[in-house]
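Chain and residue survey
Given next are the chains, with one letter for each unit.
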Amino acid sequence: MSEQSAPGTDGSGRPSGRLLEVDDLRVEFRTRDGVAKVINGVTYHVDAGETLAVLGESGSGKSVTAQTIMGILDTPPGFVTGGQVRFHGKDMLKMSAEQRRRIRGEGIAMIFQDSLSALNPVFTVGFQIAEQFRVRRGMSRADAKKRAIEMLDQVKIPNAKGRYSNYPHQFSGGMRQRAMIAMSLALDPEVLIADEPTTALDVTVQAQIMDLLGELQRERRMGMILITHDLGVVADVADRIAVMYAGRIVEEADVYDLYAKPAHPYTLGLLDSIPRMDEKGQELRTIKGLPPNLMNIPPGCAFNPRCPMAQPVCREKVPPLLQLGRGRASACHFAEELVNRD
Amino acid sequence: MGRYLLRRLLQLVPVFIGTTFLIYWLVWSVPGDPFAGKCGDRGCPPNYRAMMTEKYHLDDSIWVQYASYMKNLFQGDFGITFGGREISDIIATSYPNTLKLAVVALAIEAIIGLGAGVLTGLRRNGFLDNLVLVSSLFLIALPVFVIGFVLQWFLGVKWGIITPTVSNEMRFSELLVPGFVLGSASSAYIARVARTSIAENRRADYVRTAIAKGLPMRRVVGVHLLRNSLIPVVTLLGTDLGALMGGAIITEGIFGINGIGRQVLRAIVTKESATVVGIVVVLVVVYLVMNLLVDLLYAALDPRIRYE
Amino acid sequence: MSDPSTASIVSTPPATMPTEAGSGAPVNAGLPENAQKQQKPRGLLGDAWRDLRRKPLFWISASFILLFIVMAAFPQLFTSDDPVNGALSRSRVDPSADAWFGYDVQGRDVYARTIYGARASIVVALLSVIGTLLIGGAMGIIAGYRGGWVDALLSRIADIFFGLPFVLGSIVILTTFNGSGTDNNEWQIMGLVIMSLTVLSWPVVMRLMRSSVLATKEADYIVAARALGAGTGRIILKHLLPNCLAPLLVYGTIMVGSFIGAEATLSFLGIGLKSPVVSWGIMISEAQNYIRVSPFLLFFPAAFLVAAVLSFVMLGEAVREALDPKLR
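Residues numbered from 1 in each chain as written. Chains lettered and ligands numbered in written order. Predicted model: local features only at pLDDT ≥ 70, side-chain atom pairs only at ≥ 80, totals over all residues. Heavy atoms only, no water.

**Observations concerning the overall build of chain C**
Just so we agree on the cut-off: Numbering of helices and strands runs from the N terminus, with a helix taken as a DSSP run of H or I at least four residues long and a strand as a DSSP run of E at least two residues long. Working definition: with a 1.4 Å probe on protein chains only, accessible area under 20% of the residue-type maximum means buried, over 50% means exposed, and in between means partly exposed. What makes two residues a contact is simply this: any of their non-hydrogen atoms within 4.5 Å. Using the Shrake-Rupley algorithm and a 1.4 Å probe, accessible areas are obtained, with residue cover drawn only from the displayed protein chains.
Counting secondary structure elements, chain C contains 10 helices and zero strands. Taken over 328 residues, chain C has a buried fraction of 51%. Of all intrachain contacts in chain C linking residues separated by at least 6 positions in sequence, the fraction that spans at least 24 positions is 74%. In the form shown here, chain C has an accessible surface area of approximately 15400 Å², with 63% of it arising from carbon and sulfur atoms.

**Quick look at the interface of chain C and chain B**
Our working rule: Computed with a 1.4 Å rolling probe, the buried area is the accessible surface lost when two parts are put together, summed over both parts. Criterion for a salt bridge: a side-chain nitrogen of Lys or Arg within 4 Å of a carboxyl oxygen of Asp or Glu. Under this definition, polar contacts are N or O atom pairs within 3.5 Å; protein pairs additionally need one hydrogen-donor-capable and one acceptor-capable atom, and for neighbouring residues in sequence, both atoms have to be side-chain atoms. Each residue is assigned to one of three groups, with Ala, Val, Leu, Ile, Met, Phe, Trp, Tyr, Cys and Pro labelled nonpolar, Asp, Glu, Lys and Arg labelled charged, and all others, Gly among them, labelled polar.
Facing 47 residues of chain C, the contacting portion of chain B comprises 50 residues. Summed over both partners, the interface of chain C with chain B comes to about 4400 Å²; 78% of that surface belongs to carbon and sulfur atoms. Connecting chain C to chain B are one salt bridge. With a shortest N-O distance of 3.0 Å, Glu317 of chain C and Arg192 of chain B are connected by a salt bridge. There are two residue pairs in polar contact (both at pLDDT 80 or more) connecting chain C and chain B. Breaking the side of chain C that touches chain B down by element, the ones donating at least two residues are helix H4 (148-162), helix H5 (166-178), helix H8 (232-268) and helix H10 (296-323) of chain C. Here the residues of the side of chain C that touches chain B sort into 29 nonpolar, 11 polar and seven charged.

**Description of the sheet that holds strand E1 (residues 20-31) of chain A**
Residues and elements named next belong to chain A. Heads up, the condition is: Two strands pair under a simple rule: DSSP has to find at least two bridges between them. Working convention: axes come from line fits to C-alpha atoms, limited for helices to the stretch in contact. Angles between N-to-C directions cover 0 to 180 degrees.
Taken in spatial order, the four strands line up as E2-E1-E4-E5 in an open sheet, and their pairing is antiparallel. Either end of the sheet is taken by a strand with one partner, and the two such strands are strand E2 (34-46) and strand E5 (90-91). Note: E1 against strand E4 (residues 78-87), eight bridges, orientation antiparallel. From the neighbouring strand, Val27 faces E4, where its bridge partner is Val80. Strands in contact with helix H1 (residues 62-70) are E1, E2 and E4; relative to E1, the strand with the most contacts, it is inclined by about 110 degrees.

**Points about the pairing of strand E7 (residues 191-195) of chain A**
Consecutive side chains along a regular strand alternate between the two faces of the sheet. All names here are of chain A. Put simply, the rule is: The crossover handedness rule: strands pointing away from the viewer, path from first strand over the helix to second strand clockwise, crossover right-handed.
For E7, the tally of buried residues reaches five of five residues, placing the bulk of the element in the interior. The alternating pattern of E7 places Val191, Ile193 and Asp195 and Leu192 and Ala194 on opposite faces, both of which are buried. Two elements, E7 and strand E8 (residues 223-228), share five bridges in a ladder whose sense is parallel. Looking at the pairing, Ile193 lines up with Ile225 of E8. In this region the chain leaves E7, passes through helix H8 (residues 203-220) and returns to the parallel neighbour E8; the handedness of that crossover is right-handed.

**Some points on the packing of aromatic side chains**
To keep things clear, this is the line we draw: The criterion for an aromatic pair is that two Phe, Tyr or Trp rings (for Trp, the six-membered ring) have centres within 6.5 Å, with stacked assigned to planes under 30 degrees apart, edge-to-face to planes over 60 apart and tilted to the rest.
Tallied over the full model, the rule gives 16 aromatic pairs over all chains. Ring geometry for Phe21 of chain B against Tyr66 of chain B: centres 5.0 Å apart, planes inclined by 85 degrees, an arrangement best described as edge-to-face. Placement of Phe21 of chain B in helix H1 (residues 2-28) and of Tyr66 of chain B in helix H3 (residues 62-74) is noted, with a sequence separation of 45 residues between them. According to the relative accessible area criterion, Phe21 of chain B is buried, its value standing at 17%. Geometrically, the ring pair formed by Phe299 of chain C and Phe300 of chain C is edge-to-face, given 5.4 Å between the ring centres and 65 degrees between the ring planes. For Phe299 of chain C, a relative accessible area of 51% gives the class exposed.

**Here we look at the interface of chain B and chain A**
The parts lose accessible area when they come together, and the size of an interface is often stated as this lost area. At the interface, 22 residues of chain B touch 27 residues of chain A. Here chain B packs against chain A, burying approximately 2200 Å² in sum over the two surfaces, 57% of which is carbon and sulfur. Interface area lost by chain B to chain A is led by Arg208, Ala212 and Lys213 of chain B, which between them contribute 26%. Glu131 of chain A is paired through a salt bridge with Lys213 of chain B; the nearest N and O atoms lie 2.9 Å apart. Across the contact surface, chain B and chain A share 15 residue pairs in polar contact (both at pLDDT 80 or more). Broken down by secondary-structure element, the contributors of at least two residues to the side of chain B that touches chain A are helix H8 (205-212) and helix H9 (217-244) of chain B.

**A look at unusual backbone geometry**
Residues and elements named next belong to chain A. Even without a glycine there, the phi angle at His88 is positive, about 50 degrees. Relative to the helices and strands, His88 is located in the loop between E4 and E5. Of note, Arg221 is a non-glycine position whose phi angle comes to about 55 degrees, a positive value.

**A closer look at the nonpolar core**
Quick reminder of the rule: We call a set of buried Ala, Val, Leu, Ile, Met, Phe, Trp, Tyr and Cys residues a nonpolar core when their side-chain atoms join them within 4.5 Å.
Core analysis: the biggest nonpolar cluster contains 176 residues, and Trp28 and Phe145 of chain B together with Ile260, Leu273 and Trp280 of chain C have the highest contact counts within it. In terms of residue count, the dominant contributor to this core is H10 of chain C (19 residues).

**Here we look at the sheet that holds E8 of chain A**
Residues and elements named next belong to chain A. Strand order in the open sheet made by the eight strands is E6-E7-E8-E3-E9-E10-E12-E11, with mixed pairing throughout. Bordering the open sheet on either side are strand E6 (108-111) and strand E11 (322-325), each of which pairs with just one other strand. The sheet shows a mean angle of 20 degrees between the axes of neighbouring strands, direction not considered. Strand contacts of helix H7 (residues 173-185): E6 and E7, with the helix running at about 170 degrees to E6, the strand carrying the most contacts. The sheet strands contacting helix H11 (residues 265-272) are strand E3 (51-55), strand E9 (240-245) and strand E10 (248-254), and the helix crosses E9 at an angle near 105 degrees.

**Notes on the confidence of the model for chain C**
Residue and element names in this part refer to chain C. Where we set the bar: Values of pLDDT, the confidence the predictor places in each residue, fall between 0 and 100.
Looking at chain C, the pLDDT average stands at 75 and 83% of residues meet or exceed 70. The secondary structure element of chain C with the lowest average pLDDT is helix H1 (residues 43-54), at 73, and the one with the highest is helix H3 (residues 110-146), at 89. Note that residues 1-41 has pLDDT below 50 and, in this model, 75 contacts with residues that lie over four places away or in other chains. Scored as a whole, the predicted complex attains pTM 0.79, and scored at its interfaces, ipTM 0.87.

**Points about the state of the cysteines**
All names here are of chain A. Note the threshold: Any two cysteine sulfur atoms within 2.5 Å of one another count as a disulfide.
Per the counting criterion, the structure on display carries zero disulfides over all chains. Free of any disulfide, Cys301 has its nearest neighbouring cysteine sulfur in Cys314, separated by 6.1 Å. The class of Cys301 is buried, set by a relative accessible area of 13%. Between Cys307, a free cysteine, and Cys314, which holds the nearest cysteine sulfur, the sulfur-to-sulfur gap is 6.2 Å. For Cys307, a relative accessible area of 13% corresponds to the buried category.

**Concerning the pattern of salt bridges**
Residues and elements named next belong to chain A. Under the defined criterion, the tally for this structure stands at 35 salt bridges over all chains. Between Asp23 and Arg86 there is a salt bridge, and its shortest N-O distance comes to 3.2 Å. In this pair, Asp23 is assigned in strand E1 and Arg86 in strand E4, connecting sequence segments 63 residues apart. Summarising the burial analysis for this pair, Asp23 and Arg86 share the class buried. Among the ionic pairs, Lys156 bridges to Glu215, the shortest N-O distance being 2.9 Å.

**Quick notes on the packing of helix H4 (residues 87-122) of chain B against helix H5 (residues 127-141) of chain B**
Residues and elements named next belong to chain B. Our working rule: Relative orientations are named as follows: roughly parallel for angles under 35 degrees, roughly antiparallel for angles over 145 degrees, roughly perpendicular for angles from 65 to 115 degrees, and oblique for any other angle. The sense of a crossing depends on the near helix, which, turned anticlockwise from the far helix by less than a right angle, makes the crossing left-handed and, turned clockwise, makes it right-handed.
Between H4 and H5, whose axes approach to 9 Å, the crossing angle comes to 135 degrees. In terms of orientation, H4 and H5 fall into the oblique class. In terms of crossing hand, the pair formed by H4 and H5 is left-handed. From H4, Ala116, Leu119 and Thr120 reach across to H5, where they touch Leu128, Asp129 and Val132. When grouped by side-chain class, the residues that make up the contact of H4 with H5 number four nonpolar, one polar and one charged.

**Re H10 of chain C**
Because an α-helix completes one turn every 3.6 residues, residues spaced three or four positions apart along the sequence face the same direction. Our working definition: A helix is expected to span 1.5 Å multiplied by its residue count minus one.
With 28 residues, H10 of chain C ought to run about 40 Å at 1.5 Å a step, and its terminal C-alpha atoms sit 40 Å apart, in line with that. Counting buried residues along H10 of chain C, 23 of its 28 residues qualify, which places the element largely inside the surrounding structure.

**Considerations on the pairing of E4 of chain A**
Residues and elements named next belong to chain A. When E4 meets E5, the two strands line up antiparallel, connected through two bridges. Across the sheet, residue Phe87 finds its bridge partner in E5, namely Lys90. The hairpin turn running from E4 into E5, its antiparallel successor, is two residues long, and His88 in that turn takes a positive phi close to 50 degrees.

Okay, structure coming up:
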């Protein structure tokens, strides 16, 4: 039984038939220098047609959670030590390797941050897309090629037919990311996990890619998990946001609620640190301190060393993820005060 | 692509000239009488001396000698030995033997090296891995002649599994052990390079993507991983073939193979300078051409370096 | 004989690793006041040394090498017999309690010769490696740093020497220069071998150094140093060199091993070291014709040779693994 009351389940803890659910997941990395607790009880879910943004700094565990969902976690040194990952209600962590493999690409697909290293450099982009059709759907070479070109069209790559035979390094960053999106959507997955898809791109290209993702999601009624550290990207696209810190979810809310009135000091700090035009000439605000060493997480609330509102209770008790109504939750002893302030 | 090729070919010319001149100078400018010991105890008759001196311009400067030698070479005239034998004939009879040995050695080192390298690259830190690492170190560390001797002694003399020396027909089975000896150090290198390449690429992002696509592991490893990791191995094999075709003086000596290595050794020791230069020219050309082919092969295998 | 030195010892950088992993988190805990255990910035060499100390391979090979070096410097510590003169009456006497390794064809004590042989073999190899590293390294830095026509010229020159297969080239060089007179001077003989080894091997080091320099030249910290006003000399000495040294160090160590083998090969062919110099290669060469009747003549020097070569190669391997940051 999870220590937090996970949103999306009824009181008895039974799953309520969501598309994709992570339930009290725990993952640790065992290295020569010690054990790092990377994920410490993460619970979130995503349904068809909605976008969940998972927000956090480097080291918060957001990518590792995604990798665990996909089953591509590096083991060793990564080990799942607890929890479930349910797809259509069935726990994937208990499935056989073959069953999990079949879900990849068809049920859940993933795109990555660095498209240049994520694509195989010695095969053409078209080959890598067509591969899905040939290998997983048994299509002929010619048919697979046709479908691949269609996919390239759908992601709005001009001259799709010609670009089929180009190699990844011959594309610009934005085009390459589109190609990767095409590859991931080839088999019509129900869920798309996008791990920092725009971090490596220019701002204008970022907007284009996010628009494209939004459009494709709507057309296909996919559930999308958007992993990012960039608050700007999230605002336009997400329906709900889960904020992660030191391997836990510290706040979860509807996008409007989160931006309007954050219920956790960390979220508050993040929003505060966005530079604003009307503050020109003043010192930039930051969250002081550094993310914790995951081999040695501070006792109590992991954020307490950096929290401007820390009280003695924060150093003693780990705050549970409190439900605050309207789908909001926050892991702070003073969440209610934060929400109710003016 | 064409420009790249042209540029490389142009680079070959000064190197060719440089190497061949270097050898020519080294071999012909030895102080002393070039005719010493060529014609038995009584020395060479004067008209023979005159003829040879004129033919090889021995009275002129080294530059003239070299230039005229090269001119003849390009017309197919390799000259004759001091004993009167056509040098081109010597090359023509012995080089094919060397090539046969080279191909066998390449095949053996590829099979052993790739086999060991791929297996241990995919599955590190097992018993097999340590075995391969240690034995590859041994093969690299032992000089060729030690390996050759030991194998010849044990397999040929003591246990009689093979004939200690290779016969004139050079049957394939006879070439297996010499081929292994010749390729021993290289097979160790190939195993190591393959192992490192595969182990590194296994953690690469594109492998992760291939798995995330839901492709069967068979395909992830067999198509995506190997195609990338074997690029350095294949180019290494190509380079090695070039080196192998340069003649295996020691191996040919130990196993009695009448290859070009043996011929050039004999020529050096008996101061048959024209033969030495002739053979070296052929070897240098082969080496340079092989290098160029390997570069082209590399470009063919890795699309990223094609568009320079 | 294929020239294994064309193989790349320096591995290529792998694709970028996923950025997020718990164990990559910074060491400083978020605790501002207390025990922020300030870890001394160790640097690559410090890390490497720490790693190296742990490996048994390192200690084994290092102690063997130390043993051989002592053997080379102070052979008297190991034997009191005469390695150069012998009595024909003792020709090819088998090993016994009196003479552990027996006597060779000329009645010389094989054990003594093996011990004294260490000196020539190791000295020749060490000096050749130093020479090769200096020449190849210098050429490589110049070619890599200056680029342009300097690079083109130096690379062509290196190519010329590259085109000569090692055995072939050394045979030609040694027979050419050996033939002139019959000097019995130990140092002249050794010097000749050292020279030919150096001349034929510097291109490999040059290429290695050059590619190291090319890779680091455009690095951000070099650009930063230049922007801060550092001159060329300072950049080379303080920034480029330390970063390009690692592969050189590894290759140099392994090269000592392979040069010991190379010297043995040349002596085996009869063109390397000669009497009165004593080396393992010479001993093996002399033993060839007696393998069937007195195998011990071959066995002992060969065993020492293999042990020495292996130690250096293994040390080089251990150093390479320690210096390779990717294997952490």
